[in-house]
Each structure stands twice: as structure tokens, then as C-alpha cells.
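Spelled out from the first residue to the last, the chains are:
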Amino acid sequence: MFRDIEILLPERSDHLGQSRSDLEDSTHDETPNGSREQRSAPQRQADPVPAVTQNGAGDGVANEYAEANKCQRHAETLPAREGLLWEERRFPTNIVDNPFTGDPRPELDEAWYRLPLNDNIRVSKDYLDELNLTSIYTKDGSEGIASLSVYHSLHCLKKVKRMLFKEHYHRGKSSEAMAREAKHVDHCIEYIRESLMCQPDLPMVTFRWINNTAQHEDKSEFYPTSFDVSMHMCANWEALNSWSGQRMFNLFQVDLLQRPKPEGRLPGSADE
């Protein structure tokens, strides 16, 4: 389908539609780990439609690109409105002395328990209305319960991690229960895939010639091995998680919510 297509890429820019010079000129603070922190979320600019030439296929690709760019968010995300912090940093990707990696142990369980802990939050009904979203609501109807999708992804990653050690985490479960668990994990992998492809992280990962690696039988042979040493534009997780924590709602506190009556009507509904 895409044979003989020449796409003229727009001028190189970094994440979120800003050029590197824009990022360097913007207000930022140096953090203790050397990352460069910005006080407000960079605003994404609409990408220009690439020039496309192809043999006999018309302007199909260009039209699809233009249509995709019409899908602009009609409102900023709520964290961005309230001071989400951004920073440039590298990924350490260290699996040694890392509470999230390795075999099951109390430290690992505690880390994965706390990571998605602030998933359910209270959001004003006005904001949900602005996005044309409905949810379940507090008793006074002023707030709805929602979750930032990143927390769903983290919950899903935790599910996948536990399935790697199913003999530990799912010990004694019936075959029917494990079938349900496997289906849940399959959903989780698909959700993570969609999330990564929806908001791709685009810095370059380069390669080096490395030998004596655990992945290869011949320890003397050199193999191309990827190394990510690029800077990534990241949300400051501590700030975002703190923002969510201030709005966290325990879904087990159902007595604080509008609950359907047995016949399915909500309190205060017109047909009550």
C-alpha cells in the first residue's frame, strides 16, 4: 500500500511540538538527578501535513494524515491545567537494587502496591461534562469518579508482572480462575500496546557491539546491543502522583456515592 511513497518530513522537533531551542529557552529548574524540569506542560502544536507523492494512489495518505490531525483534544488534560511538571531525563533501566524488578519479595510487593494506588480520583462534574463523559457521582452530584489512563496501564503492568510468577501469586487457584486471570492479562497487554502506540516516545535508541552477554551462548562473539542514552521528555511522576493522591477516592466507600436503587433508578432521577 505504501510502496513508492515519498514523505517529506517536517523540520525536526522534539516532544510535544517544541523545537530543542524552544525547550532550552523555556523556564526550567535543575533537579538533583540532573534532569531539566519545566514548570508547566509544553503545549503541543498541530503537526504540518507532510507532502506526499505516490504513483497512482492519489492523496490518500495525505488525506488520512489531515483527518487524524482533526482529532485535537477540545480541552487540556486536568493535570496540565493545574500545574503538571515536565522534565527532560534519561531512563536508568536498572534491574539491580530496584524494588520493581526481580523475584517476589515484600519490598517488590509494596512497590507495586503503591504505584497505582492513586488510580481512582474525584473530578468535577463540570469537567466531565466538558469532555462529554459520564461516570458515577458523589451523593451531591458535584463530582464524578474517574482515573487517569496511566494508572490503568500501571495496574495492567502489575498484572503482567504477577503472571510471570503465577506459582507464587496465583498458587492454589482453580483452572477456571486461572483462565479468567489469563484473559484479564491478555486485555492488559492489549491496553498497554494501545497506550504505547497512541503516545509514542520518540527519542533514538542506538546500538553498540557487546560481547559476553547473558542473552547469547557464545560469550566471545560481539553482537549489536541497544542502549538508550537519549533524553526523554517526561512528566514528573512524583508531582503527578501527588496531584492524584490529593483527589484519590476509595471505591469501597460506596455509601458516599449515588447508588442505583434495586429497580435501576438513581436517587433524584426524574422518574423516581
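The structure presented is a predicted model; accordingly, all values stated were derived computationally and were not measured.

Enquirer: I'd love a proper account of the packing of helix α6 (residues 149–164) against helix α9 (residues 237–245), names of residues and values included.
Expert: When two helices pack together, their arrangement is given by the angle between the helix axes and the distance between those axes. As a packed pair, α6 and α9 sit with axes 12 Å apart at the nearest point and diverge in direction by 105 degrees. As far as their axial angle goes, α9 and α6 are roughly perpendicular. Judged by residue contacts, Val150, Tyr151 and Leu154 of α6 engage Trp237, Leu240, Asn241 and Ser244 from α9. Here the contact of α6 with α9 is built from residues that sort into five nonpolar, two polar and no charged.

Enquirer: Account for the nonpolar core, with residues named and values stated.
Expert: Residues Leu78, Ile121, Val123, Tyr127, Leu128, Tyr137 and Trp243 constitute the largest nonpolar core, which totals seven residues. Those elements that place two or more of their residues in this core are β6 (121–124) and α5 (125–130). Not counting chain neighbours up to four residues away, the residues in contact with Leu78 comprise Val123, Tyr127 and Trp243. Judged by nonpolar contacts, the second largest core, of five residues, contains Leu108, Trp112, Leu115 and Leu154.

Enquirer: Describe in detail the environment of Asp201, supporting the description with residues and values.
Expert: Tracing the backbone shows Asp201 in the loop between α8 (175–198) and β8 (206–210). Classification of Asp201 by relative accessible area gives partly exposed; the value is 40%. For Asp201 and Met233, which are 32 residues apart along the polypeptide, the C-alpha to C-alpha distance reads 8.4 Å. Separated by 2.5 Å, the side chains of Asp201 and His232 make a polar contact.

Enquirer: Could you give an account of the packing of aromatic side chains, naming the residues involved and the relevant values?
Expert: Each aromatic ring pair is characterised by the separation of its centres together with the angle its planes make. Inspection of every chain in the model, using the stated rule, returns two aromatic pairs. Here the guanidinium or amino end of Arg208 rests over the ring plane of Phe227, the centre of that ring lying 4.1 Å away.

Enquirer: Give me α8: which residues, what numbers.
Expert: The first and last C-alpha atoms of α8 sit 34 Å apart over 24 residues, in line with the 34 Å expected at 1.5 Å per residue. Three or more residues of α8 are buried, namely Ala177, Met178, Glu181, Val185, Cys188 and Ile192. Check the buried side of α8 and you find it contacts α6 and α7 (166–169).

Enquirer: Let's hear about the pattern of salt bridges: which residues, and what values?
Expert: Under the criterion given, the structure shown has ten salt bridges. With its nearest N and O atoms 3.2 Å apart, the salt bridge here joins Glu143 to Arg122. One end of the pair, Glu143, is in strand β7 (residues 143–146); the other, Arg122, is in strand β6, with 21 residues separating them in the sequence. According to the relative accessible area criterion, Arg122 is partly exposed, its value standing at 27%. Lys159 is paired through a salt bridge with Glu181; the nearest N and O atoms lie 2.8 Å apart. Of this pair, Lys159 sits in helix α6 while Glu181 sits in helix α8, placing them 22 residues apart in sequence. Residue classification places Lys159 among the buried positions, given a relative accessible area of 19%. On the accessibility criterion, Glu181 (9% relative accessible area) is buried. Among the ionic contacts, a cluster of salt bridges with common partners joins Lys159, Lys173 and Glu181.

Enquirer: Just give me the short version of the side chain of Arg247, but keep the residues and values in it.
Expert: Of note, Arg247 is situated in the segment after α9. Separated by 2.5 Å, the side chains of Arg247 and Glu82 make a polar contact. Residues contacting Arg247, with those up to four places away along its chain left out, are Glu82, Asn120, Ile121 and Arg122.

Conventions we followed
- Residues numbered from 1 in each chain as written.
- Predicted model: local features only at pLDDT ≥ 70, side-chain atom pairs only at ≥ 80, totals over all residues.
- Heavy atoms only, no water.
- Axes fitted to C-alpha atoms, helices over the stretch in contact; angles between N-to-C directions.
- Helix = DSSP H or I, 4+ residues; strand = E, 2+ residues; numbered from the N terminus.
- Parallel < 35°, antiparallel > 145°, perpendicular 65-115°, else oblique.
- Contact = heavy atoms within 4.5 Å.
- Nonpolar A, V, L, I, M, F, W, Y, C, P; charged D, E, K, R; others polar.
- Core = buried A, V, L, I, M, F, W, Y, C linked by side-chain atoms within 4.5 Å.
- Buried < 20%, exposed > 50% of the residue type's maximum accessible area, 1.4 Å probe, protein only.
- Polar contact = N/O pair within 3.5 Å; in protein donor to acceptor, adjacent residues only side chain to side chain.
- Phe/Tyr/Trp six-rings, centres within 6.5 Å; stacked < 30°, edge-to-face > 60°.
- Lys NZ or Arg CZ within 6 Å of the ring centre and 35° of its normal.
- Expected span 1.5 Å × (residues − 1).
- Salt bridge = Lys/Arg side-chain N within 4 Å of Asp/Glu carboxyl O.

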